[in-house]
Amino acid sequence: MSEDIILEGRGLRKEFGGLVAVATVNIRVRRGDLHSIIGPNGAGKTTLFNLLTGNLRPTRGQVLFRGEDITATPLHRRVHLGLGRSFQVTNIFPNLTVLENVRLAAQALGRDSFKVWWHYRHFKSYSDAATGALEQVGLSDKAAVPAAILPHGDQRKLEMAILLASDAEVLLLDEPTAGMATEQVPALMEMIQRIRREGHKTIMLVEHNMNVVMNASDRITVMHQGEVLAEGTPAEITRNETVQKAYLGELYGDFADLVQGAES
Ligand SMILES: Nc1ncnc2c1ncn2[C@@H]1O[C@H](COP(=O)(O)OP(=O)(O)OP(=O)(O)O)[C@@H](O)[C@H]1O
Ligand SMILES: [Mg+2]
């Protein structure tokens, strides 16, 4: 088997009381891929992310990271292993500057945070990591600005910088374009793709914007009522009759023409 699987969910299930949010999900994410999860509201996408990152414990099933079973590994340890996550509501400290916010994240989440944190050299390395992350997202010119006064689009960039500063290899992004002006979306996606390429990251994306999903993804997992309905390349998903009939057609309209140059 030549596939390099960095993150895997095996038979993942999550029940909330009587409600089955994630039924029995098997998912394999290849290293370096941009792997999207799509599906209607309530399909279980965010819950699946929470199971993979450790925000939630599965009722059943396993999570494997780089081939190791991390099902029992707590959230903060997973971050240290290199599994990062951006949140819909980020812990941005409004009164701190943009740079201070990112540096704090680097210190708190960085894989080196168990080392002697008070040492100047480490402090400097966190500052450097923060400065580098701000450069990557194009926020360098706002480093000294209080986070509170950033416009919405820049707050999204700050969230990405915070995630980057943690130096995670796998980034899970839950609806990064939500609430964003349409004209800002391409720039955000270009940034995500550049970060993936240059930083050798693997990216998991939950996204409702089909234009974004069909053009940016290597693979797509379609979820429906807690189950995986289909998995494949954008072209395969577009052609998949079950997906079309089950809900994509009605939910997202005729999205086939959105696929540009996707191969099977
Ligand atoms: N903490 C919780 N307690 C109880 N039920 C929950 C909890 N989190 C999610 N659910 C339920 O689990 C199901 C799946 O929710 P989830 O948030 O994973 O869906 P989603 O695919 O992310 O939806 P959306 O596209 O709206 O974000 C829903 O029925 C939701 O109400
Ligand atoms: Mg969700």
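Structure: above.
The following paragraphs examine the structure supplied in this document. By convention here, each chain's residues receive numbers from 1 onward along its written sequence. Chains carry letters from A onward and ligands carry numbers from 1 onward, assigned in written order. Local features are withheld for residues below a pLDDT of 70 in this predicted model, meaning they are given only at 70 or higher, and side-chain atom pairs are given and counted only at 80 or more; totals for whole chains, interfaces and linings count all residues. Calculation of side-chain values draws on the structure's entire complement of heavy atoms; hydrogens and water are dropped beforehand.

This next bit is on the sheet that holds strand 1 (residues 5–16). Strands qualify as paired when DSSP identifies two bridges or more between them. Each helix is a run of DSSP H or I of at least 4 residues and each strand a run of E of at least 2, with the numbering of both proceeding from the N terminus. Overall, antiparallel pairing links the four strands, which are arranged 2-1-4-5 in an open sheet. Of all the strands in the sheet, the pair left with one neighbour each is strand 2 (19–30) and strand 5 (68–69). Strand direction decides the pairing type here: strand 4 (residues 60–65) and strand 5, joined by two bridges, are antiparallel. Each bridged residue has a counterpart across the sheet, and for L64 the counterpart in strand 5 is D69. With respect to the sheet, helix 1 (residues 45–53) is in contact with strand 1, strand 2 and strand 4, its orientation differing from that of strand 1 by roughly 120 degrees. Whether two residues touch is decided by their heavy atoms; if any such pair falls within 4.5 Å, the residues are in contact. Note on method: axes are straight lines fitted to C-alpha atoms, helices fitted across the in-contact stretch only, with angles between N-to-C directions ranging 0 to 180 degrees.

Moving on, we get to the pattern of salt bridges. In the sections that follow, a salt bridge refers to a side-chain nitrogen of Lys or Arg positioned within 4 Å of a carboxyl oxygen of Asp or Glu. According to the stated counting rule, one finds 12 salt bridges in the structure shown. The closest approach of N and O atoms between D154 and K157, which form a salt bridge, is 3.8 Å. One end of the pair, D154, and the other, K157, are both in helix 5 (residues 152–165), three residues apart, so they sit about a helical turn from each other. A 1.4 Å probe rolled over the protein chains alone gives each residue an accessible area, and that area as a share of the maximum for its type sets the label: buried under 20%, exposed over 50%, partly exposed in between. Residue D154 is classed as buried on the basis of its relative accessible area, which comes to 10%. Given a relative accessible area of 27%, K157 falls into the partly exposed group. By sharing partners, the salt bridges in this structure join D4, R31, R66 and E169 into a single network.

Quick look at the nonpolar core now. Membership of the largest hydrophobic core comes to 36 residues, with the highest contact counts inside it found for V102, V137, L158 and I192. Every element with two or more residues in this core is listed here: helix 3 (98–109), helix 4 (120–137), helix 5, strand 7 (170–174), helix 6 (185–199), strand 8 (202–206) and helix 7 (210–216). No other element matches helix 5, which puts seven residues into this core. The domain boundaries here were taken from an automatic or database domain assignment. Looking at this core, you find at least three residues from each of domain 1 (1–82 + 168–264) and domain 2 (90–162). When residues no more than four places from it in sequence are discounted, the contact partners of L158 are I92, V98, N101, V102, L139, A147 and L150. Each nonpolar core is a collection of buried residues, namely Ala, Val, Leu, Ile, Met, Phe, Trp, Tyr and Cys, held together in the definition by side-chain atoms within 4.5 Å. By size, the runner-up hydrophobic cluster in this structure holds 22 residues, among which are L12, A43, V63 and L83.

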